[in-house]
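Tertiary structure, described
Take a look at the letters that make up each chain.
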Amino acid sequence: CLAISLLVWPALAETSAPRGLNDQYLLAVADYFEVAYEDVLSQTAIFTTEEIPVLFYLAQRANVSVARVIELKGKDQSWAETASRLDVNATHFYVTVTGEIKSSTFAPIFQKYSSTPEQNWRKLELSDDEIVNLVNLRVMYSQYDYSAYEVMAFRDTDKSWATVNKLVAEAKSEYLKKEKEKKD
C-alpha cells in the first residue's frame, strides 16, 4: 500500500486522469480503502474531496455499500447523523495516540474524549469537521505508516488534506531515502 501511494505521481503521468494534489490524495484514499481510484474519483461530484474518506470509512465500518451511505446521508443529513443511522458512533472515530496532543486542530477533539469516561464515548457528539479530521488523520498516518503527531502538525498549518497528504508522502519518502542511504 505504502509503495503504491509513494509512486502515485508517476502513475498519474501514465494515465489520462487530471494531475494535481487532489489526485495524489484521492489515490492514497483509494489505496487505503482498497477500492478503485475511479470509484473514489466518482464521488467528487457529490462530496467535497475531504469528505470522501468519511464516506468510505462509514461504508467499511458499517459493512454496507457506499451507495447505502449516500442514500442515508441524503442532502440534509450531517455525517454524525448518517453515522448514527449506521450504528457508528464517536467510539469508532477515535484514533489512539499516546502523550500530549499539542495540535490546535485536534487537541479540542481529543479533550472531548479524555473528559468523558470511555464507556460514554458512544454518546459524544462530533461535528462534521471533527469527523472529517479524525477520519483523514487515520487515513494519513496509517497509509504512510507515519507519526500521527506529525500529520496533526501538518494539518495545523491550515493546509487542505490533499496538501497534508503531499507533505506526509514527501516526508516519508525522504525518510525512506535516508534509511536506504544508511544501509548502503
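Anyway, here's the lowdown on the structure attached to this text. (Residues numbered from 1 in each chain as written. Predicted model: local features only at pLDDT ≥ 70, side-chain atom pairs only at ≥ 80, totals over all residues. Heavy atoms only, no water.)

On to unusual backbone geometry, then. Where the residue is not glycine, phi is negative for most of them; where a peptide bond is considered, it is trans in most cases. Unlike most non-glycine residues, Asn63 shows phi in positive territory, near 55°. Within the secondary structure, Asn63 is located in the loop between helix H5 (52-62) and helix H6 (66-73). Of note in the backbone geometry, Asp145 takes a positive phi value of approximately 50° without being a glycine. With respect to the element layout, Asp145 can be found in the loop between helix H10 (128-143) and helix H11 (148-156). (Helix = DSSP H or I, 4+ residues; strand = E, 2+ residues; numbered from the N terminus.)

Now for H6. Along H6, the residues classified as buried are Val66, Val69, Leu72 and Lys73. Taken down its axis, H6 places every buried residue within 125° of arc, on the same side. Opposite its buried face, H6 presents the exposed residues Ala67 and Glu71, each directed more than 90 degrees away. As for H6, its buried residues are in contact with H5 and helix H7 (79-85). (Buried < 20%, exposed > 50% of the residue type's maximum accessible area, 1.4 Å probe, protein only. Arc of directions from axis to C-beta. Contact = heavy atoms within 4.5 Å.)

Time to look at the packing of helix H3 (residues 21-33) against H10. How two helices pack is summed up by the angle between their axes together with the distance between the axes. Running from N to C, H3 and H10 point in directions that differ by 80°, and their axes come no closer than 10 Å. Compared by their axis directions, H3 and H10 come out roughly perpendicular. Contact with H3, carried on its side by Tyr25, Ala28, Asp31, Tyr32 and Phe33, involves Asn136, Arg138, Val139, Met140, Ser142 and Gln143 of H10 and no other residues of that element. Classifying every residue of the contact of H3 with H10 gives six nonpolar, three polar and two charged. (Axes fitted to C-alpha atoms, helices over the stretch in contact; angles between N-to-C directions. Parallel < 35°, antiparallel > 145°, perpendicular 65-115°, else oblique. Nonpolar A, V, L, I, M, F, W, Y, C, P; charged D, E, K, R; others polar.)

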